[in-house]
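Report on the structure
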Amino acid sequence: ALQRATVRLPRARHRRLATSGAATPGPAGRERRMTMPPVVAELIALLCDPDPQLRCRAAEGISELGNDGLPALDALTEAVDDLDPDVRIAAVRALGALDPRDAEMALGWAMTSDDLRVRLTAQSLLEGSAGQRGPDAKVWRDPSLSRDE
């Protein structure tokens, strides 16, 4: 799956994150160790590139990885606030390609965006994954109701 999702992009000059051993919070606050595939590290680095087209393509590349892109969760969450509107939408869509239980809080964050397109995309993804997130979901099944809580 990783070869299929490799996007032809120029190499980033600076890598922001290490390529392995990243610790991320798991369910119920437990940490889980995951190894970050090199393609994910490369795409995360490109999310910080000055060129918005490269940032957008990097988010799309992470989206193609599906849940293998989970190590990029924090970088995608930051990209939801990108200055470029196309990057913001691509980041939200990439979050939607991750396991809904892992991306739930990030999509909830996207629901607070000033960008209407970001909010609508996040709402659609949250509504579509309500059954998968289950009854213990932190973001209510109707995301518009949870924004004011």
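Please refer to the structure higher up on the page.
Presented here is an overview of the structure given in this document. (Residues numbered from 1 in each chain as written. Predicted model: local features only at pLDDT ≥ 70, side-chain atom pairs only at ≥ 80, totals over all residues. Heavy atoms only, no water.)

**With respect to the overall build of the chain**
- For the chain, the helix and strand inventory stands at eight helices and two strands.
- Each helix and strand of the chain, ordered N terminal to C terminal, gives the series β-β-α-α-α-α-α-α-α-α.
- A total of 149 residues make up the chain; the buried ones form 47% of that total.
- Intrachain contacts of the chain at a sequence separation of at least 6 include 56% that bridge at least 24 residues.
- Summed over all atoms, the accessible surface of the chain reaches about 8600 Å², with 50% contributed by carbon and sulfur. (Helix = DSSP H or I, 4+ residues; strand = E, 2+ residues; numbered from the N terminus. Buried < 20%, exposed > 50% of the residue type's maximum accessible area, 1.4 Å probe, protein only. Contact = heavy atoms within 4.5 Å. Areas by Shrake-Rupley, 256 points an atom, 1.4 Å probe, with all protein chains shown as cover.)

**What to know about helix α1 (residues 38-46)**
- In terms of burial, α1 is a largely internal element, eight of the nine residues being buried.
- Taken residue by residue, α1 has Val39, Val40, Ala41, Glu42, Leu43, Ile44, Ala45 and Leu46 as its buried positions.
- For α1, the elements touching its buried residues are α2 (52-65) and α3 (73-79).

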